[in-house]
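Structural description and commentary
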Amino acid sequence: MAEENETVSRFEDAASSGVLPVARASTLAGRGRRRGKVFRIGGDVSRSAYLAIAVAVFALLFVAWWGATASGLIKPIFLPSPVAVWRKMVELAANGTLWQDAGVSLYRMLAGFAIASAMAIPIGVLIGCFRLWEAAIEPLVDFVRYMPVVAFVPLTILWAGTSDSQKFLIIWIGTFFQQVLMVMDNVKRVPPDFVGLGRTLGLSETRILLRIVLPSSLPGIWDTLRISIGWAWTWLVLAELVAATSGLGYRITVSQRYFQTETIIGYILFLGLLGLVTDQGMKAMERVLFRYSASR
């Protein structure tokens, strides 16, 4: 901060002494301020700079991958080249295998995630508003959420077989309990003054919940959904790796048996791409749906 102020002061002194034109000094001073803000906690960068930095990171990782495989440092059986992965994915897309697997997995993920969210949001709001329900529900949720989801896979196969219901159940176990607690925290962050104002205006508890608590907590609840949908993808792939006859996870398992590392790497990258598109899509929707939120 001190260095930034000193730099700006130099520009202003130079302008006042006639060494620099006033317009030029003002431009340089502005650049100094912007440069300082970038490295300040909570500082911001322009949208174009943000995009350029993000693309550069992906480009550097791609170059490192290409260099490691092209130089022979890593054998193709362990890490195939980007060209080999691309060709394999184009082949799978051309014969329809990729789109069929993606469609099945997307359906399973969205269905399981929707079921978990539809149950978690009202329960989270309930225990976030009323201490009575918090005492009855939160300790149980805390207890269950530490149980490893992987340990439930063989049990879910016994309970639901290898049908889509088993995939929904795994996704539900992996996301529901986490969502409940995160939604509860979102509701508890509503300022007590807002609730007090509602009571001062004579609103009933139901109207306070619908008109004050929910609108105030919905942006945070949307963030919870955006984060937990990543868990849904993870648990879906886990379920498909163990007990499935179709889907992205199933294809990875089959490829592992035949040492088809191009397909494995390609499907892993494709899953990452699907997750990135989902995340950015929800961020875009958040800016549209919750314009009233000051943090947006």
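Everything discussed here concerns the structure shown above.
Scope of this entry: the structure provided in the associated data block. Since we're looking at a predicted model, the values are computed, not measured.

With that settled, the discussion passes to the nonpolar core. Inside soluble globular proteins, nonpolar side chains tend to come together where they are buried. Formed by 25 residues in total, the largest nonpolar core has its most connected members in M89, M109 and Y267. Elements with a minimum of two residues in this core: helix 4 (82-94), helix 5 (97-129), helix 10 (205-242), helix 11 (248-257) and helix 12 (261-289). Counting residues per element, this core draws most heavily on helix 10, which supplies seven residues. Beyond its immediate chain neighbours, meaning those up to four positions away, M89 contacts L98, G266, Y267 and F270.

This brings us to unusual backbone geometry. In the Ramachandran plot, F259 falls in the positive-phi region, its phi being about 55° despite a non-glycine side chain. Residue placement: F259 occurs in the loop between helix 11 and helix 12.

Let us look at helix 12. For helix 12, with 29 residues, the first-to-last C-alpha span of 42 Å sits near the 42 Å given by 1.5 Å per residue. Residues of helix 12 that are buried: T261, T263, I264, I265, G266, Y267, F270, L271, T278, D279, M282 and E286. Summarising the contacts, the buried residues of helix 12 are in contact with helix 3 (47-70), helix 4, helix 5, helix 10 and helix 11.

Across all of its chains, the model carries ten salt bridges by this definition. Among the salt bridges present, the one from D101 reaches R251, with a minimum N-O distance of 2.8 Å. Residue D101 is located in helix 5, and its partner R251 is located in helix 11; the two are separated by 150 residues in the primary sequence. The salt bridge involving D164 is made with R108; its shortest N-O contact spans 2.8 Å. Here D164 is found in helix 8 (residues 164-188), whereas its partner R108 is found in helix 5, with 56 residues between them in sequence. Among the residues examined, R108 registers a relative accessible area of 5% and is labelled buried. The structure contains a network of salt bridges with shared partners spanning R108, D164 and E240.

Let us look at a nonpolar patch on the surface. Taken together, the side chains of F58, L273, L276 and V277 make up a nonpolar region of the molecular surface, amounting to roughly 400 Å² of accessible area. A per-element tally of the nonpolar patch places helix 12 first, with three residues. With respect to the helices and strands, the residue L273 is situated in helix 12. Looking at L273, the relative accessible area reads 47%, which means it is partly exposed.

The subject of this paragraph is the side chain of S255. Within the secondary structure, S255 sits in helix 11. When near neighbours in sequence (up to four residues on either side) are disregarded, S255 contacts Q260, T263 and I264.

What counts and what doesn't
Residues numbered from 1 in each chain as written. Predicted model: local features only at pLDDT ≥ 70, side-chain atom pairs only at ≥ 80, totals over all residues. Heavy atoms only, no water. Core = buried A, V, L, I, M, F, W, Y, C linked by side-chain atoms within 4.5 Å. Buried < 20%, exposed > 50% of the residue type's maximum accessible area, 1.4 Å probe, protein only. Helix = DSSP H or I, 4+ residues; strand = E, 2+ residues; numbered from the N terminus. Contact = heavy atoms within 4.5 Å. Expected span 1.5 Å × (residues − 1). Salt bridge = Lys/Arg side-chain N within 4 Å of Asp/Glu carboxyl O. Patch = residues over 30% accessible without salt bridge, like charges linked within 9 Å, V, L, I, M, F, W, Y side chains within 5 Å. Areas by Shrake-Rupley, 256 points an atom, 1.4 Å probe, with all protein chains shown as cover.

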